[in-house]
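# Structure at a glance
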Amino acid sequence: MTASELAFLALGLFLGVAAGAALLMVVGSRTGRRDVRVTVTREAVPSRSKTLSQDAFLPPAGGPAPGGPGDRRSVDRAGADGSGGAKRAPVGIPIEVSAAAPFMGAPAPSPAVADRTIVPSRPAVAVEIRPEPAQAPMLEPARQPAREVEAVRRRVVHGTPIERMLRGEHLALIEVVDEVAGNGAGRRDWEVLLGGLIDGMAAVAIRESVIDFPMGTPFWDQFTVEQCRRVAGSLASMGYCYDGADGWLDARVPVYRDITRALADVGVEPRRLRAWPNQAEIALLFAGARPAPEELLAAAGPDYSAGSMQTLLGEHAAGLRDLWIAWDAVRPVLFREALVREPSPAS
(Lines give C-alpha, C1' and ligand atoms only; values in the text may rest on other atoms or scores of the structure.)
Protein backbone atom coordinates (compact mmCIF):
# COMPACT_ATOMS: atom_id res chain seq x y z
CA MET A 1 0.00 0.00 0.00
CA THR A 2 1.40 3.27 -1.11
CA ALA A 3 1.62 6.48 0.85
CA SER A 4 -1.13 8.13 -1.20
CA GLU A 5 -3.55 5.34 -0.36
CA LEU A 6 -2.80 5.64 3.39
CA ALA A 7 -3.41 9.36 3.25
CA PHE A 8 -6.72 8.82 1.43
CA LEU A 9 -7.88 6.33 4.12
CA ALA A 10 -6.92 8.65 6.97
CA LEU A 11 -8.81 11.55 5.37
CA GLY A 12 -11.90 9.38 4.92
CA LEU A 13 -11.78 8.26 8.55
CA PHE A 14 -11.53 11.86 9.79
CA LEU A 15 -14.42 13.03 7.68
CA GLY A 16 -16.58 10.09 8.75
CA VAL A 17 -16.05 10.77 12.46
CA ALA A 18 -16.89 14.46 12.05
CA ALA A 19 -20.03 13.73 10.07
CA GLY A 20 -21.23 11.15 12.64
CA ALA A 21 -20.75 13.55 15.53
CA ALA A 22 -22.70 16.27 13.72
CA LEU A 23 -25.52 13.85 12.99
CA LEU A 24 -25.78 12.80 16.63
CA MET A 25 -26.00 16.41 17.76
CA VAL A 26 -28.80 17.19 15.34
CA VAL A 27 -30.79 14.08 16.25
CA GLY A 28 -30.34 14.57 19.99
CA SER A 29 -31.51 18.20 19.97
CA ARG A 30 -34.90 17.35 18.53
CA THR A 31 -37.70 16.37 21.00
CA GLY A 32 -40.58 14.13 20.23
CA ARG A 33 -43.10 15.87 22.62
CA ARG A 34 -43.90 19.23 24.17
CA ASP A 35 -42.90 20.00 27.78
CA VAL A 36 -45.46 21.89 29.91
CA ARG A 37 -44.21 23.52 33.11
CA VAL A 38 -46.73 24.00 35.92
CA THR A 39 -46.14 26.06 39.08
CA VAL A 40 -48.29 24.95 42.03
CA THR A 41 -48.85 27.53 44.80
CA ARG A 42 -50.06 26.95 48.35
CA GLU A 43 -53.75 26.01 48.65
CA ALA A 44 -54.02 25.86 44.83
CA VAL A 45 -55.44 22.36 45.15
CA PRO A 46 -58.40 22.13 47.55
CA SER A 47 -57.67 19.99 50.58
CA ARG A 48 -59.36 19.00 53.81
CA SER A 49 -59.46 21.43 56.70
CA LYS A 50 -56.50 21.58 59.03
CA THR A 51 -58.32 22.91 62.11
CA LEU A 52 -61.71 22.34 63.69
CA SER A 53 -62.77 25.93 62.88
CA GLN A 54 -62.90 25.16 59.12
CA ASP A 55 -65.40 23.14 57.22
CA ALA A 56 -64.17 19.62 56.65
CA PHE A 57 -65.38 19.41 53.02
CA LEU A 58 -65.13 23.00 51.73
CA PRO A 59 -61.90 24.69 50.81
CA PRO A 60 -61.01 27.79 52.78
CA ALA A 61 -62.07 31.05 51.15
CA GLY A 62 -59.32 33.05 49.55
CA GLY A 63 -58.33 36.52 50.59
CA PRO A 64 -57.69 38.07 53.98
CA ALA A 65 -59.33 36.76 57.09
CA PRO A 66 -62.66 38.49 57.81
CA GLY A 67 -62.24 41.11 60.51
CA GLY A 68 -58.44 40.81 60.47
CA PRO A 69 -55.84 43.52 59.88
CA GLY A 70 -55.76 42.72 56.15
CA ASP A 71 -59.51 42.97 55.70
CA ARG A 72 -60.17 46.36 54.08
CA ARG A 73 -63.56 45.61 52.63
CA SER A 74 -65.22 48.07 54.99
CA VAL A 75 -62.80 50.83 53.95
CA ASP A 76 -62.15 50.86 50.24
CA ARG A 77 -64.29 48.04 48.83
CA ALA A 78 -67.97 47.63 48.15
CA GLY A 79 -69.91 45.47 50.56
CA ALA A 80 -71.54 42.22 49.71
CA ASP A 81 -74.83 43.99 49.12
CA GLY A 82 -73.33 46.49 46.66
CA SER A 83 -73.30 49.40 49.07
CA GLY A 84 -70.34 51.68 49.51
CA GLY A 85 -67.48 51.06 51.92
CA ALA A 86 -68.35 53.93 54.30
CA LYS A 87 -68.10 52.95 57.95
CA ARG A 88 -71.24 53.04 60.00
CA ALA A 89 -71.39 55.07 63.16
CA PRO A 90 -71.03 52.97 66.32
CA VAL A 91 -74.21 52.25 68.19
CA GLY A 92 -74.11 53.74 71.67
CA ILE A 93 -75.19 51.65 74.63
CA PRO A 94 -77.26 53.60 77.14
CA ILE A 95 -75.94 53.13 80.67
CA GLU A 96 -77.90 54.19 83.70
CA VAL A 97 -75.68 55.59 86.44
CA SER A 98 -77.04 55.22 89.94
CA ALA A 99 -76.89 58.18 92.29
CA ALA A 100 -73.74 58.01 94.40
CA ALA A 101 -72.20 60.19 97.03
CA PRO A 102 -70.02 62.84 95.33
CA PHE A 103 -66.27 62.70 95.89
CA MET A 104 -64.51 65.97 96.79
CA GLY A 105 -67.52 68.02 95.74
CA ALA A 106 -67.66 66.77 92.13
CA PRO A 107 -71.13 66.91 90.49
CA ALA A 108 -72.89 63.61 90.02
CA PRO A 109 -72.79 62.42 86.36
CA SER A 110 -76.09 62.57 84.49
CA PRO A 111 -77.43 59.59 82.51
CA ALA A 112 -75.93 59.65 79.05
CA VAL A 113 -74.98 57.40 76.19
CA ALA A 114 -71.42 56.22 76.66
CA ASP A 115 -69.21 53.55 75.21
CA ARG A 116 -67.68 52.48 78.52
CA THR A 117 -68.82 51.60 82.01
CA ILE A 118 -68.66 54.26 84.69
CA VAL A 119 -67.66 52.95 88.12
CA PRO A 120 -69.05 55.03 90.99
CA SER A 121 -66.53 56.03 93.66
CA ARG A 122 -67.01 56.40 97.38
CA PRO A 123 -65.52 59.04 99.65
CA ALA A 124 -62.25 58.02 101.34
CA VAL A 125 -62.32 57.04 105.00
CA ALA A 126 -59.39 57.99 107.24
CA VAL A 127 -58.48 55.83 110.24
CA GLU A 128 -56.59 57.38 113.13
CA ILE A 129 -53.97 55.13 114.79
CA ARG A 130 -52.81 55.97 118.26
CA PRO A 131 -49.94 53.98 119.83
CA GLU A 132 -50.58 52.59 123.25
CA PRO A 133 -48.28 53.70 126.06
CA ALA A 134 -46.81 50.17 126.37
CA GLN A 135 -45.98 50.14 122.62
CA ALA A 136 -44.38 53.60 122.48
CA PRO A 137 -40.86 53.36 123.91
CA MET A 138 -40.02 56.90 122.74
CA LEU A 139 -42.49 58.36 125.23
CA GLU A 140 -40.31 57.33 128.16
CA PRO A 141 -36.68 57.25 126.97
CA ALA A 142 -35.31 57.50 130.48
CA ARG A 143 -36.93 54.25 131.61
CA GLN A 144 -35.98 52.22 128.51
CA PRO A 145 -32.47 51.08 129.69
CA ALA A 146 -33.91 50.10 133.06
CA ARG A 147 -36.51 47.91 131.32
CA GLU A 148 -33.84 46.15 129.26
CA VAL A 149 -31.71 45.42 132.33
CA GLU A 150 -34.76 44.15 134.20
CA ALA A 151 -35.64 41.84 131.27
CA VAL A 152 -32.10 40.41 131.30
CA ARG A 153 -32.24 39.78 135.02
CA ARG A 154 -35.60 37.99 134.71
CA ARG A 155 -34.35 35.66 132.00
CA VAL A 156 -34.58 31.97 132.87
CA VAL A 157 -31.08 30.55 133.49
CA HIS A 158 -30.28 26.84 133.88
CA GLY A 159 -27.05 25.07 134.74
CA THR A 160 -23.93 25.87 136.71
CA PRO A 161 -22.06 29.15 136.17
CA ILE A 162 -19.16 27.39 134.44
CA GLU A 163 -21.53 25.71 131.99
CA ARG A 164 -23.12 29.04 131.18
CA MET A 165 -19.68 30.59 130.72
CA LEU A 166 -18.66 27.82 128.34
CA ARG A 167 -21.88 28.35 126.36
CA GLY A 168 -20.81 31.96 125.81
CA GLU A 169 -22.91 33.80 128.43
CA HIS A 170 -20.89 36.85 129.44
CA LEU A 171 -23.32 37.60 132.27
CA ALA A 172 -22.27 34.37 134.01
CA LEU A 173 -18.62 35.47 133.90
CA ILE A 174 -19.54 38.79 135.50
CA GLU A 175 -21.52 37.04 138.24
CA VAL A 176 -18.57 34.76 139.12
CA VAL A 177 -16.10 37.68 139.18
CA ASP A 178 -18.46 39.68 141.39
CA GLU A 179 -18.68 36.83 143.87
CA VAL A 180 -14.99 35.91 143.86
CA ALA A 181 -13.29 39.31 143.62
CA GLY A 182 -16.06 41.71 144.65
CA ASN A 183 -15.23 45.34 143.89
CA GLY A 184 -11.56 44.97 144.65
CA ALA A 185 -8.57 45.67 142.46
CA GLY A 186 -8.18 42.01 141.40
CA ARG A 187 -11.25 41.90 139.15
CA ARG A 188 -9.14 42.23 136.02
CA ASP A 189 -6.87 39.34 137.04
CA TRP A 190 -9.84 37.08 137.71
CA GLU A 191 -11.39 37.97 134.34
CA VAL A 192 -8.13 36.99 132.62
CA LEU A 193 -7.88 33.69 134.52
CA LEU A 194 -11.50 32.69 133.92
CA GLY A 195 -11.25 33.76 130.28
CA GLY A 196 -8.16 31.56 129.89
CA LEU A 197 -10.10 28.64 131.38
CA ILE A 198 -12.91 29.15 128.85
CA ASP A 199 -10.49 29.46 125.92
CA GLY A 200 -8.60 26.34 126.96
CA MET A 201 -11.78 24.29 127.23
CA ALA A 202 -12.91 25.54 123.80
CA ALA A 203 -9.56 24.58 122.27
CA VAL A 204 -9.85 21.07 123.72
CA ALA A 205 -13.39 20.77 122.35
CA ILE A 206 -12.20 21.78 118.87
CA ARG A 207 -9.32 19.31 119.04
CA GLU A 208 -11.63 16.48 120.11
CA SER A 209 -14.32 17.51 117.56
CA VAL A 210 -16.91 18.10 120.29
CA ILE A 211 -18.99 20.43 118.13
CA ASP A 212 -22.62 21.45 118.01
CA PHE A 213 -23.68 21.31 114.38
CA PRO A 214 -26.41 23.60 113.01
CA MET A 215 -29.81 22.15 112.27
CA GLY A 216 -31.27 22.59 108.81
CA THR A 217 -28.08 21.64 106.93
CA PRO A 218 -29.02 18.87 104.45
CA PHE A 219 -25.69 17.05 104.82
CA TRP A 220 -25.42 17.02 108.65
CA ASP A 221 -29.13 16.29 109.13
CA GLN A 222 -28.58 12.79 107.71
CA PHE A 223 -26.52 11.72 110.76
CA THR A 224 -26.75 11.69 114.51
CA VAL A 225 -24.72 14.13 116.61
CA GLU A 226 -22.19 11.43 117.45
CA GLN A 227 -21.78 10.49 113.77
CA CYS A 228 -21.32 14.14 112.80
CA ARG A 229 -18.55 14.54 115.38
CA ARG A 230 -16.85 11.35 114.20
CA VAL A 231 -16.93 12.58 110.60
CA ALA A 232 -15.39 15.90 111.71
CA GLY A 233 -12.74 14.02 113.68
CA SER A 234 -11.88 11.85 110.67
CA LEU A 235 -11.51 14.95 108.50
CA ALA A 236 -9.31 16.54 111.18
CA SER A 237 -7.01 13.52 111.06
CA MET A 238 -6.55 14.22 107.33
CA GLY A 239 -5.64 17.86 108.03
CA TYR A 240 -9.04 19.45 107.43
CA CYS A 241 -9.81 20.96 110.83
CA TYR A 242 -12.61 23.09 112.19
CA ASP A 243 -11.37 26.60 113.02
CA GLY A 244 -13.69 27.10 115.99
CA ALA A 245 -15.80 29.78 114.28
CA ASP A 246 -17.69 28.92 111.10
CA GLY A 247 -15.11 27.64 108.63
CA TRP A 248 -12.06 25.48 107.97
CA LEU A 249 -8.68 26.09 109.60
CA ASP A 250 -6.27 27.95 107.28
CA ALA A 251 -8.98 27.87 104.57
CA ARG A 252 -8.03 24.25 103.81
CA VAL A 253 -11.25 22.78 102.42
CA PRO A 254 -11.66 19.05 101.68
CA VAL A 255 -12.97 17.72 98.39
CA TYR A 256 -15.55 15.09 97.50
CA ARG A 257 -13.04 12.24 97.82
CA ASP A 258 -12.01 13.34 101.34
CA ILE A 259 -15.63 13.42 102.49
CA THR A 260 -16.11 9.93 101.08
CA ARG A 261 -13.09 8.60 102.98
CA ALA A 262 -14.30 10.22 106.23
CA LEU A 263 -17.71 8.59 105.86
CA ALA A 264 -16.09 5.24 105.17
CA ASP A 265 -14.00 5.58 108.35
CA VAL A 266 -17.18 6.20 110.35
CA GLY A 267 -18.91 3.20 108.79
CA VAL A 268 -21.44 5.06 106.63
CA GLU A 269 -21.99 3.95 103.04
CA PRO A 270 -21.52 7.09 100.91
CA ARG A 271 -23.77 5.78 98.13
CA ARG A 272 -26.76 5.72 100.49
CA LEU A 273 -26.70 9.44 101.18
CA ARG A 274 -29.47 11.46 99.58
CA ALA A 275 -28.00 14.96 100.01
CA TRP A 276 -24.42 15.33 98.78
CA PRO A 277 -22.87 18.83 99.00
CA ASN A 278 -21.02 20.36 96.08
CA GLN A 279 -17.65 22.05 96.51
CA ALA A 280 -19.19 25.43 97.40
CA GLU A 281 -21.41 23.79 100.03
CA ILE A 282 -18.46 21.82 101.47
CA ALA A 283 -16.70 25.13 102.15
CA LEU A 284 -19.73 26.22 104.22
CA LEU A 285 -20.35 22.98 106.13
CA PHE A 286 -19.34 24.56 109.47
CA ALA A 287 -21.43 27.71 109.01
CA GLY A 288 -23.43 28.10 112.23
CA ALA A 289 -21.44 25.46 114.18
CA ARG A 290 -19.90 26.12 117.59
CA PRO A 291 -17.62 24.22 120.00
CA ALA A 292 -19.38 22.49 122.91
CA PRO A 293 -16.79 22.56 125.74
CA GLU A 294 -19.53 22.29 128.40
CA GLU A 295 -19.90 18.63 127.41
CA LEU A 296 -16.28 17.94 128.39
CA LEU A 297 -16.85 18.74 132.06
CA ALA A 298 -18.14 15.21 132.71
CA ALA A 299 -14.62 13.89 132.06
CA ALA A 300 -13.32 15.82 135.10
CA GLY A 301 -16.16 14.83 137.42
CA PRO A 302 -17.51 14.11 139.84
CA ASP A 303 -15.17 15.98 142.20
CA TYR A 304 -13.76 18.47 139.62
CA SER A 305 -10.48 18.74 141.45
CA ALA A 306 -7.60 20.87 140.25
CA GLY A 307 -5.69 17.77 139.09
CA SER A 308 -8.59 16.43 137.01
CA MET A 309 -9.18 19.83 135.43
CA GLN A 310 -5.50 20.14 134.55
CA THR A 311 -5.56 16.67 133.01
CA LEU A 312 -8.58 17.68 130.94
CA LEU A 313 -6.99 20.92 129.71
CA GLY A 314 -3.57 19.38 128.98
CA GLU A 315 -1.06 21.93 127.72
CA HIS A 316 -3.62 24.74 128.09
CA ALA A 317 -3.47 24.44 131.90
CA ALA A 318 0.12 25.73 132.18
CA GLY A 319 -0.85 29.40 131.95
CA LEU A 320 -3.50 29.16 134.71
CA ARG A 321 -1.23 28.53 137.70
CA ASP A 322 -2.84 31.22 139.88
CA LEU A 323 -6.26 29.73 139.19
CA TRP A 324 -5.19 26.28 140.41
CA ILE A 325 -3.75 27.81 143.60
CA ALA A 326 -7.15 29.33 144.45
CA TRP A 327 -9.17 26.50 142.92
CA ASP A 328 -10.59 25.24 146.22
CA ALA A 329 -12.19 28.65 146.80
CA VAL A 330 -13.36 29.14 143.21
CA ARG A 331 -14.73 25.64 142.56
CA PRO A 332 -17.90 25.99 144.73
CA VAL A 333 -18.80 29.17 142.86
CA LEU A 334 -18.20 27.72 139.39
CA PHE A 335 -20.08 24.48 139.98
CA ARG A 336 -22.98 25.80 142.01
CA GLU A 337 -26.35 24.82 140.61
CA ALA A 338 -28.30 27.84 139.41
CA LEU A 339 -31.95 28.02 138.51
CA VAL A 340 -33.34 31.54 138.25
CA ARG A 341 -37.06 31.65 137.57
CA GLU A 342 -38.91 34.63 136.20
CA PRO A 343 -40.84 36.29 139.01
CA SER A 344 -44.59 36.71 138.89
CA PRO A 345 -46.05 40.02 137.63
CA ALA A 346 -47.38 40.76 141.13
CA SER A 347 -43.87 40.89 142.53
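As shown above, the structure is provided for reference.
To keep things clear, this report deals only with the structure shown in the data block. Within any chain, residue numbers begin from 1 and follow the written order of that chain's sequence. Selection of residues for local features in this predicted model requires a pLDDT of at least 70, selection of side-chain atom pairs for listing and counting requires 80 or more, and totals for whole chains, interfaces and linings are taken over all residues. Where side-chain values are given, they derive from all heavy atoms of the structure, hydrogens and water being excluded.

## What to know about unusual backbone geometry
Residue P302 is bonded to the preceding G301 through a cis peptide linkage, with omega at 5°. Labels follow the DSSP assignment, with helices taken as runs of H or I lasting at least four residues and strands as runs of E lasting at least two, numbered in each case from the N terminus. Relative to the helices and strands, P302 resides in the loop between β5 (290-291) and α10 (306-313). Residue D250 is not a glycine yet carries a positive backbone phi of 60°. Relative to the assigned elements, D250 resides in the loop between α7 (225-237) and α8 (256-266). Buried residues are those whose accessible area, probed at 1.4 Å on protein chains only, stays under 20% of the maximum for their type, while exposed residues exceed 50% and partly exposed ones sit between those limits. Note on D250: relative accessible area 70%, which makes it exposed. Here the phi dihedral of A251 falls at roughly 55°; this positive angle occurs in a residue that is not glycine. In this structure, A251 sits in the loop between α7 and α8.

## Here's the deal with the pattern of salt bridges
When a carboxyl oxygen of Asp or Glu is within 4 Å of a side-chain nitrogen of Lys or Arg, the pair counts as a salt bridge. Considering all chains together, one arrives at 13 salt bridges under this definition. Notably, a salt bridge pairs R164 with E175, separated by 3.2 Å at the nearest N-O pair. Here R164 is found in helix α4 (residues 161-166), whereas its partner E175 is found in helix α5 (residues 170-181), with 11 residues between them in sequence. When the shortest N-O distance is used, the salt bridge between R187 and D178 registers 2.6 Å. Through salt bridges with shared partners, a single network forms among D212, R229, R290, E294 and E295.

## Quick notes on the environment of L166
Topologically, L166 is positioned in helix α4. Separated by 126 residues in the primary sequence, L166 and A292 place their C-alpha atoms 7.6 Å from one another. Throughout, a contact is declared for two residues whenever any of their heavy atoms are within 4.5 Å. Contact partners of L166, with chain neighbours within four places excluded, come to I198, M201, R290, P293, E294 and L297.

## Digging into the side chain of T160
Relative to the helices and strands, T160 resides in the loop between β3 (157-158) and α4. Exposure remark for T160: the relative accessible area of 6% places this residue in the buried category. Residues contacting T160, with those up to four places away along its chain left out, are L334, F335, R336 and E337.

## Comments concerning the packing of aromatic side chains
In summary, the pairing rule links any two rings of Phe, Tyr or Trp, Trp by its six-membered ring, whose centres are within 6.5 Å, and it sorts them by plane angle into stacked for under 30 degrees, edge-to-face for over 60 and tilted for everything else. Throughout the structure, instances matching the rule amount to 12 aromatic pairs. Plain terms: the ring middles of F219 and W220 are 5.1 Å apart, the flat faces sit at 70° to each other, and that makes the pair edge-to-face. An identical accessibility class is assigned to F219 and W220; each is buried. With 5.4 Å between their ring centres and 75° between their planes, F219 and F223 make a pair best called edge-to-face. Since its relative accessible area comes to 10%, F223 is described here as buried.

## Regarding the packing of α7 against α8
Axis definition: a line fitted to C-alpha atoms, over the contacting stretch in the case of helices. Angles run 0 to 180 degrees between N-to-C directions. Axis separation between α7 and α8 bottoms out at 9 Å; the angle between their running directions is 125°. It follows that α7 is oblique to α8 by the angle criterion. In this structure, α7 crosses over α8, and the sense of that crossing is right-handed. Of the residues in α8, those touching α7 at R230, V231, S234 and L235 are D258, I259, A262, L263, D265 and V266. Residue composition of the contact of α7 with α8, by class: six nonpolar, one polar and three charged. In these notes the angle categories are as follows: under 35 degrees is roughly parallel, over 145 is roughly antiparallel, 65 to 115 is roughly perpendicular, and the rest is oblique. Each crossing gets its handedness from the near helix: less than a right angle anticlockwise from the far helix is left-handed, clockwise is right-handed. Polarity classes work like this: nonpolar for Ala, Val, Leu, Ile, Met, Phe, Trp, Tyr, Cys and Pro, charged for Asp, Glu, Lys and Arg, and polar for all others, with Gly in that last group.

## Overview of α8
Inspection of α8 places D258, I259, A262, L263 and V266 among the buried residues, and these make up the whole buried set. Considered in projection along α8, the buried side chains sweep an arc of 135° and stay on one side of the axis. For α8, the exposed residues lying more than 90 degrees away from the buried face are R257 and D265. For α8, the secondary structure elements touched by its buried residues are α7 and α9 (279-282). Once α8 ends, the next one or two residues include G267, with phi positive near 100°. What the arc covers is the set of directions going from the helix axis to the C-beta atoms.

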